[in-house]
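# Remarks on the overall topology
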Amino acid sequence: QVQLSESGGGLVQAGGSLRLSCADSGRTFSNYGMGWFRQAPGKEREFVAAITWSGGNTLYGDSVKGRFTISRDNAKNTVYLQMTSLKPEDTAIYYCTARPRRVGITSTPGGYNYWGQGTQVTVSS
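By convention here, each chain's residues receive numbers from 1 onward along its written sequence. In keeping with the predicted nature of the model, local features appear solely for residues at pLDDT of at least 70, side-chain atom pairs appear and are counted solely at 80 or more, and the whole-chain, interface and lining totals rest on all residues. Processing note: side-chain calculations cover all non-hydrogen atoms of the structure and skip hydrogens and water entirely.

## Brief notes about the overall build of the chain
Test applied: Under the scheme used here, helices are H or I runs from DSSP no shorter than 4 residues and strands are E runs no shorter than 2 residues, and both carry numbers assigned from the N terminus. For a compact globule the rule gives 2.2 Å times the number of residues to the power 0.38, and the radius of gyration it is set against comes from C-alpha atoms.
A tally of regular secondary structure across the chain gives zero helices and 11 strands. In sequence order, the chain lays out its α and β elements as β-β-β-β-β-β-β-β-β-β-β. Over its C-alpha atoms the chain spans a radius of gyration of 13 Å, differing by no more than 12% from the 14 Å that the globule rule assigns to 125 residues. Overall, the C-alpha framework of the chain stretches about 40 × 25 × 25 Å when taken along its three principal axes.

## Things to note about the sheet that holds strand E1 (residues 4-7)
Neighbouring strands of a sheet are bound in pairs by backbone hydrogen bonds; such pairs are parallel or else antiparallel. Filter applied, for reference: Two strands form a pair only when DSSP identifies at least two bridges running between them. To obtain each axis, a line is fitted to C-alpha atoms, and for helices this fit is confined to the stretch in contact; angles are then taken between N-to-C directions over 0 to 180 degrees.
Spatial strand order, E1-E3-E8-E7: four strands in an open sheet with antiparallel pairing. Edge positions in the sheet fall to E1 and strand E7 (68-73), since each of these pairs with one other strand and no more. When strand polarity is set aside, the average angle formed by the axes of neighbouring strands in this sheet is 15°. One ladder, built from four bridges, connects E1 with strand E3 (residues 18-24); its direction is antiparallel. Note on E3: the bridge partner recorded for Leu4 is Asp24.

## Notes on the environment of Gly35
Quick note on the threshold: Throughout, a residue-residue contact means that at least one pair of heavy atoms, one from each residue, lies within 4.5 Å.
Relative to the helices and strands, Gly35 is located in strand E4 (residues 32-39). With 15 residues separating them along the chain, Gly35 and Leu20 place their C-alpha atoms 12 Å apart. With residues up to four places along the chain from it excluded, the contact list for Gly35 reads Ala49, Ala50, Tyr95, Cys96, Thr97 and Tyr112.

## Focus: the packing of aromatic side chains
Rules: Think of it this way: a Phe, Tyr or Trp ring, Trp meaning its six-membered ring, pairs with another when their centres are within 6.5 Å, and the plane angle makes it stacked under 30 degrees, edge-to-face over 60, tilted otherwise. Each residue is assigned to one of three classes by its accessible area relative to the maximum for its type, calculated with a 1.4 Å probe on protein chains only: buried under 20%, partly exposed between the two thresholds, exposed over 50%.
Enumeration according to the criterion identifies five aromatic pairs in this entry. Plain terms: the ring middles of Phe37 and Tyr112 are 5.4 Å apart, the flat faces sit at 75° to each other, and that makes the pair edge-to-face. Of this pair, Phe37 sits in strand E4 while Tyr112 sits in the loop between strand E9 (92-100) and strand E10 (114-115); the two residues are 75 residues apart in sequence, bridging distant segments of the chain. Residues Phe37 and Tyr112 agree in their burial class; the two are buried.

## Quick look at the pairing of E4
For E4, the buried fraction is high: seven of the eight residues fall into the buried class. Where E4 lies against E9, eight bridges are found, and the strand directions are antiparallel. By the bridge assignment for E9, Tyr32 is matched with Pro100. Alignment of E4 against strand E5 (residues 46-51), held across five bridges, turns out to be antiparallel. Bridged to Phe37 within E5 is Phe47. Here E4 hands over to E5 after six residues, with Gly42 in that stretch at a positive phi of 75°.

## Concerning the state of the cysteines
Quick note on the threshold: Note on terminology: disulfide denotes any pair of cysteine sulfur atoms within 2.5 Å.
As enumerated under the stated definition, the model contains one disulfide in all. What pairs with Cys22 in a disulfide is Cys96, and their sulfur atoms sit 2.1 Å apart. Handedness here is read from the sign of the S-S torsion; for Cys22 and Cys96, about -80°, the answer is left-handed. Here Cys96 lies in strand E9 and Cys22 lies in strand E3, a separation of 74 residues in the sequence. Comparing Cys22 with Cys96, the two get one shared label, buried.

Structure (structure tokens):
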């Protein structure tokens, strides 16, 4: 069973940085590809980044390429999202997701089986 818990959100000024963490309390973290999505008020859920179970492959949404970095530490059952050069339009609730490693990673929200509760990121101008 996968149980995801995000942390690290908060308020930051434009141009600043934040690192989000997502911990899995289960024992099978390395069996899953992991992803991050975000949702701003009144908008659809948007793909941010994904990483394969080994960390060998990553995928990024166009709006965050070059600014955000996804990584994972399987020994700590944790996936990270390092966010730099933050913009007000990055303001959203950020969700951690997981899907079985045998199916790879995807940018489609419906392709993920497990979701965390989300953490709020607010970027002020």
